[in-house]
Amino acid sequence: EKGGFDHFMMKEIHEQPKAIRDTLSGRVKEGVVDLSQEVGLTPEQIKGIEKIHFVACGTAYHAGLIGKYVMEDLARIPVECDVASEYRYRNPIITDKTLVVVVSQSGETADTLAALREAKSQGARVIAITNVVGSSVAREADDVIITWAGPEIAVASTKAYTSQLIAIYLLSLYFAQVRGPKAVSELSEIVSHLLELPAKAEAVLKQEAQIAQFARGIATSEHLFFLGRGMDYAVALEGSLKLKEISYIHSEAYAAGELKHGTLALIEENIPVVALATQHAVYEKMVSNIQEVKARGAKVLGIAVEGNHELQKTVDEVIHIPKTIDLLAPVLTVIPLQLFAYYACVERGYDVDKPRNLAKSVTVE
Ligand code: F6R
């Protein structure tokens, strides 16, 4: 049942190329995204959207954070992203021109479902991105985009997250095509890169041995930092959650530019830092942040894009992800972080698939 792997989490990490491919399947035709079967909004309604709220919990919330970057960049629609347990109690401004996108692997998360109901009752249109056909969230939303990741058994979410990102890229491109802030040729270029992600995810998985080695080397550490800028910051949050969740090592994710506003005080000799440097627009800034932690003795694992031969001069170890456009990099960047959490957990001898105190589906508040 684990397909030859020791744990469901590892099986699911390795299923990501397929999950990505299946989530793209049938939704792209000749460089154009077509979600008209799933999303019932007319072109006029799509043009009329004034703002979007992504609402979700945990890992799905981290997918929503990426959604803010992607939707704003591609479709130029203002986006807010909220944790469902906060959103439902904070009196958000919702009108009939608000689109609420709830993201939920299980489709049964109590807070996400309550947020959906609240948004609907205030007149918003609700799209659900979920992995379970016929789930509560799927039944109650106006429109549903299924992530075809297949059943996810491990408590720590992996393939559901990358599939949620794919659904978010598709939705953003679909809206961008209708609203037209970018040239058609530019959008179809992005689509062609999107279609290359399954093969590239496969290539990232090949670096498992190197990631495992670094993870084993830090397994006795008590604290760890993940740093990134832009979308790498959102991925850092997800990497940090994954590590805490299964290895019980305390970690924090920081927007690298925030370091000197307090956190740098915690960086001392031998503290492990995972530094994500895949975003070209902020690359130089990121490198200077890495130098700041190196100067204080941190042990740094860098994540860079293939062809970068420079970062290795600054950090202790580098993992390279295949070349893609910055916007799509999170799908690849998160994979080394999932493997990292997995191997840290195994090295420490904890139960990978069933971390303490956690349930797969949180149906209570
Ligand atoms: C973390 C994890 C959780 C879930 C969260 C939302 O690895 O799995 O943070 O992402 O409980 O669950 P869903 O997506 O089912 O609403």
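Residues numbered from 1 in each chain as written. Predicted model: local features only at pLDDT ≥ 70, side-chain atom pairs only at ≥ 80, totals over all residues. Heavy atoms only, no water.

Chemist: How do you make sense of helix H12 (residues 231–247) when you look at a structure like this?
Modeler: Along an α-helix, residues three or four apart share an orientation, since each turn contains 3.6 residues. Taking 1.5 Å per residue, 17 residues should reach 24 Å; H12 reaches 24 Å between its end C-alpha atoms and fits that length. The buried count for H12 comes to 13 of 17 residues, which makes it a mostly enclosed element. Tyr248 sits one or two residues past H12 and shows a positive phi near 65°. (Helix = DSSP H or I, 4+ residues; strand = E, 2+ residues; numbered from the N terminus. Expected span 1.5 Å × (residues − 1). Buried < 20%, exposed > 50% of the residue type's maximum accessible area, 1.4 Å probe, protein only.)

Chemist: How should the state of the cysteines be read in this particular structure?
Modeler: Such a bond, covalent and formed between the sulfur atoms of two cysteines, is termed a disulfide. Summed over all chains, the structure comprises zero disulfides. Looking at the unpaired Cys81, the closest cysteine sulfur is the one in Cys57, lying at 11 Å. (Disulfide = S-S within 2.5 Å.)

Chemist: I tried to follow the site of the ligand on my own but got confused; where do I start?
Modeler: Near the ligand, the surroundings consist of 13 residues, among which Ser104, Gln105, Ser106, Thr109 and Glu245 are the closest. Within the side chain of Glu245, an N or O atom sits 2.7 Å from an oxygen atom of the ligand. Here the ligand, which alone exposes 410 Å², has 89% of that area covered by the protein. Its atoms largely coinciding with the cavity grid, the ligand occupies the largest pocket. Looking at the shell around the ligand, the elements with two or more residues in it are helix H4 (58–75) and H12. Grouping the constituent residues of the shell around the ligand by class yields four nonpolar, seven polar and two charged. (Near = heavy atom within 4 Å. Polar contact = N/O pair within 3.5 Å; in protein donor to acceptor, adjacent residues only side chain to side chain. Areas by Shrake-Rupley, 256 points an atom, 1.4 Å probe, with all protein chains shown as cover. 1 Å grid on protein atoms, 1.4 Å probe; cavity = no way out; pocket = protein on both sides within 12 Å on 5 of 7 lines; lining within 4 Å. Sits in = over half its atoms within 2 Å of the grid points. Nonpolar A, V, L, I, M, F, W, Y, C, P; charged D, E, K, R; others polar.)

Chemist: What's the story with the packing of aromatic side chains in this structure? I'm lost.
Modeler: Where two aromatic rings form a pair, the distance of their centres and the angle of their planes describe that pair. Evaluated as defined, the whole model comprises five aromatic pairs. Taking 6.3 Å as the distance between ring centres and 85° as the angle between the ring planes, the aromatic pair formed by Phe226 and Phe340 counts as edge-to-face. With a gap of 114 residues between them, Phe226 in strand E8 (residues 223–228) and Phe340 in helix H14 (residues 329–348) connect regions that are remote in the sequence. Classification of Phe226 by relative accessible area gives buried; the value is 0%. With centroids separated by 4.4 Å and ring planes inclined at 45°, the aromatic side chains of Tyr248 and Tyr350 adopt a geometry described as tilted. Of this pair, Tyr248 sits in the loop between H12 and strand E9 (250–255) while Tyr350 sits in the segment after H14, and the two are 102 residues apart along the sequence. By way of ring pairs, the aromatic residues Phe214, Phe226 and Phe340 are connected into one cluster. (Phe/Tyr/Trp six-rings, centres within 6.5 Å; stacked < 30°, edge-to-face > 60°.)

Chemist: Would you mind showing me how to read the sheet that holds strand E4 (residues 79–83) here?
Modeler: Adjacent strands of a sheet form backbone hydrogen bonds with each other and so pair up, either parallel or antiparallel. The strand order across the open sheet formed by five strands is E4-E3-E5-E6-E7, and the pairing between neighbours is parallel. A strand with exactly one partner marks an edge of an open sheet, and here the two such strands are E4 and strand E7 (143–146). The mean inter-strand angle of the sheet, taken between neighbouring strand axes irrespective of direction, is 20°. Seen against the sheet, helix H6 (residues 110–121) touches strand E3 (51–56), strand E5 (98–104) and strand E6 (125–130) and runs at an angle of roughly 165° to E5. Sheet strands touched by helix H8 (residues 159–179): E3, E5, E6 and E7. Its angle to E6, the strand with the most contacts, is close to 140°. (Pairing = 2+ DSSP bridges. Axes fitted to C-alpha atoms, helices over the stretch in contact; angles between N-to-C directions. Contact = heavy atoms within 4.5 Å.)

Chemist: What am I meant to see in the layout of surface pockets here?
Modeler: Empty pockets left among the atoms are what a rolling probe the size of a water molecule brings to light. Volume-wise, the largest pocket comes out at about 560 Å³. If you go around the largest pocket, you meet 26 residues; those closest to its centre are Cys57, Gly58, Thr59, Lys360 and Val362. Those elements giving two or more residues to the lining of the largest pocket turn out to be H4, E5, H6, H8 and H12. Its residues assigned to classes, the lining of the largest pocket shows ten nonpolar, nine polar and seven charged. When its volume is computed, the second largest pocket comes out at roughly 190 Å³. Together, Ser221, Glu222, His223, Phe225, His250, Glu252, Leu266, Glu268, Glu269, Asn270, Ile271 and Pro272 line the second largest pocket. (Points joined across faces, edges and corners; volume = space filled by probe spheres on them.)

Chemist: Explain the nonpolar core to me, please; I cannot follow it from the model alone.
Modeler: Taken as a class, soluble globular proteins show a tendency for nonpolar side chains to be buried jointly. Ranked by internal contacts, the top residues of the largest apolar core, which has 94 residues, are Ile52, Tyr169, Phe175 and Phe340. Here this core gets 13 residues from one element, more than from any other, and that element is H14. Formed by 21 residues, the second largest nonpolar core is a distinct cluster that contains Leu264, Ile267, Ala277 and Val287. (Core = buried A, V, L, I, M, F, W, Y, C linked by side-chain atoms within 4.5 Å.)

Chemist: Would you mind showing me how to read the environment of Arg139 here?
Modeler: Of note, Arg139 is situated in helix H7 (residues 136–140). Using a relative accessible area of 58% as the deciding quantity, one classes Arg139 as exposed. Measuring from C-alpha to C-alpha, the distance between Arg139 and Gly107 comes to 9.1 Å, with 32 residues separating the pair along the chain.

Chemist: In this structure, what is going on with the packing of helix H10 (residues 197–205) against H14? I would like to understand it.
Modeler: Each pair of packed helices can be summarised by the angle the axes make with each other and by the distance between the axes. The N-to-C vectors of H10 and H14 enclose an angle of 30°; their axes lie 9 Å apart at closest approach. When the axes of H10 and H14 are compared, the pair comes out roughly parallel. Relative to H14, the crossing made by H10 is right-handed. Contact with H10, carried on its side by Leu197, Lys200, Ala201, Val204 and Leu205, involves Val331, Leu332, Ile335, Pro336 and Leu339 of H14 and no other residues of that element. By residue class, the composition of the contact of H10 with H14 is nine nonpolar, no polar and one charged. (Parallel < 35°, antiparallel > 145°, perpendicular 65-115°, else oblique. Left-handed = near helix turned anticlockwise from the far one by under 90°.)

Chemist: In this structure, what is going on with H8? I would like to understand it.
Modeler: Compared with an ideal rise of 1.5 Å per residue, which puts 21 residues at 30 Å, H8 spans 30 Å between its outermost C-alpha atoms and is within 8% of the ideal. Among the 21 residues that make up H8, 18 are buried, leaving the element largely enclosed by the rest of the structure. Remark: Gly180 follows H8 within two positions and exhibits a positive phi of approximately 70°.

Chemist: Sorry if this is basic, but what is going on with the confidence of the model for the protein here?
Modeler: In low-pLDDT segments, the atomic positions of the prediction should not be examined closely. Per-residue confidence for the protein averages 96 on the pLDDT scale, and 100% of its residues sit at or above 70. Under the prediction, the complex receives an ipTM of 0.98, its pTM being 0.97. (pLDDT = per-residue confidence, 0-100.)

Chemist: How should I be thinking about the sheet that holds strand E11 (residues 299–305) in this particular structure?
Modeler: Sheet architecture is open: five strands sit in the order E9-E8-E10-E11-E12, paired in parallel fashion. Both edges of this open sheet fall to E9 and strand E12 (317–321), since each of them pairs with a single strand only. The mean inter-strand angle of the sheet, taken between neighbouring strand axes irrespective of direction, is 20°. Taken together, the five bridges between E11 and E12 define a ladder with parallel strand orientation. Its bridge partner lying in E12, Gly302 is registered against Val318. Contacting E8, E9 and strand E10 (272–276), H12 crosses the sheet at an angle of about 175° to E9.

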